Amino acid sequence: MYHILFRRKSNLKKEPSISRLQILDADSSQQEAISRARRGDSFVLQGPPGTGKSQTITNIIAEQLGMGRKVLFVSEKQAALDVVYKKLQHQGLSDFVLT
């Protein structure tokens, strides 16, 4: 599991699932990050390898694209950029990515 550093907890039950535009499965902590990003909250998504960070980032990007927003995703590691790009490409969203 990874950690998401927030100031306060959000209530996902008040948010209709129909409004979620995620393209990959997400657990409750990932849903929390996706919802926070949708609202425009600032937060840090951190955790060890293999905890679903790239999947969460992919869902956040898809959500933002679905809402007509632009996204800038940066990472100090090229591997992280490649993983997210491949996930977006696999879901048919590579046309929205500048490389």
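Below, the structure is looked at part by part. (Residues numbered from 1 in each chain as written. Predicted model: local features only at pLDDT ≥ 70, side-chain atom pairs only at ≥ 80, totals over all residues. Heavy atoms only, no water.)

## Thoughts on the overall build of the chain
Part 1 of the reasoning: Helix and strand content of the chain: 3 helices and 2 strands.
Part 2 of the reasoning: Along the chain, helices and strands appear, N-terminal first, in the series β-α-β-α-α.
Part 3 of the reasoning: Of the contacts formed within the chain by residues at least 6 apart in sequence, a portion of 64% connects residues at least 24 apart.
Part 4 of the reasoning: When the accessible surface of the chain is split by element, carbon and sulfur atoms take 54% of a total near 6,900 Å². (Helix = DSSP H or I, 4+ residues; strand = E, 2+ residues; numbered from the N terminus. Contact = heavy atoms within 4.5 Å. Areas by Shrake-Rupley, 256 points an atom, 1.4 Å probe, with all protein chains shown as cover.)

## Observations concerning the nonpolar core
Part 1 of the reasoning: Counting residues in each nonpolar core, the largest one holds 6 residues, listed as Ile57, Ile61, Ala62, Val84, Leu88 and Leu93.
Part 2 of the reasoning: Elements with a contribution of two residues or more to this core: helix H2 (53–66) and helix H3 (78–90).
Part 3 of the reasoning: Looking at this core, the element that brings in the most residues is H2, giving 3 residues.
Part 4 of the reasoning: Not counting chain neighbours up to four residues away, the residues in contact with Ala62 comprise Leu21, Ile23 and Leu93. (Core = buried A, V, L, I, M, F, W, Y, C linked by side-chain atoms within 4.5 Å. Buried < 20%, exposed > 50% of the residue type's maximum accessible area, 1.4 Å probe, protein only.)

## Quick notes on the side chain of Ser29
Part 1 of the reasoning: Along the chain, Ser29 turns up in helix H1 (residues 28–39).
Part 2 of the reasoning: Side-chain polar atoms of Ser29 contact the side chain of Asp27, separated by 3.0 Å. (Polar contact = N/O pair within 3.5 Å; in protein donor to acceptor, adjacent residues only side chain to side chain.)

## Section: the packing of H1 against H2
Part 1 of the reasoning: Interaxial distance between H1 and H2 falls to 9 Å at its minimum, and their mutual angle equals 35 degrees. Note that H1 runs across H2; the crossing there is right-handed. Where H1 abuts H2, its residues Gln30, Ala33, Ile34, Ala37 and Arg38 lie against Gln55, Thr56, Asn59, Ile60, Glu63 and Gln64.
Part 2 of the reasoning: Classifying every residue of the contact of H1 with H2 by side-chain character gives 4 nonpolar, 5 polar and 2 charged. (Axes fitted to C-alpha atoms, helices over the stretch in contact; angles between N-to-C directions. Left-handed = near helix turned anticlockwise from the far one by under 90°. Nonpolar A, V, L, I, M, F, W, Y, C, P; charged D, E, K, R; others polar.)

## Here we look at H3
Part 1 of the reasoning: Between its first and last C-alpha atoms H3 spans 18 Å; for 13 residues at 1.5 Å apiece the expected length is 18 Å, and the two agree.
Part 2 of the reasoning: Once H3 finishes, Gly92 follows within two positions and takes phi at roughly 80 degrees, a positive value. (Expected span 1.5 Å × (residues − 1).)

## A word on the pattern of salt bridges
Part 1 of the reasoning: Here the structure, examined in full by the defined rule, presents 4 salt bridges.
Part 2 of the reasoning: Its salt-bridge partner being Arg36, residue Glu32 comes within 3.1 Å of it at the nearest N-O pair. Remark: Arg36 and Glu32 occur in helix H1; sequence separation between them is 4 residues, near one turn of the helix. The pair formed by Glu32 and Arg36 is uniform in burial state, with each residue classed as buried.
Part 3 of the reasoning: The partner of Asp41 in a salt bridge is Arg36, and the shortest N-O contact between them spans 3.1 Å. (Salt bridge = Lys/Arg side-chain N within 4 Å of Asp/Glu carboxyl O.)

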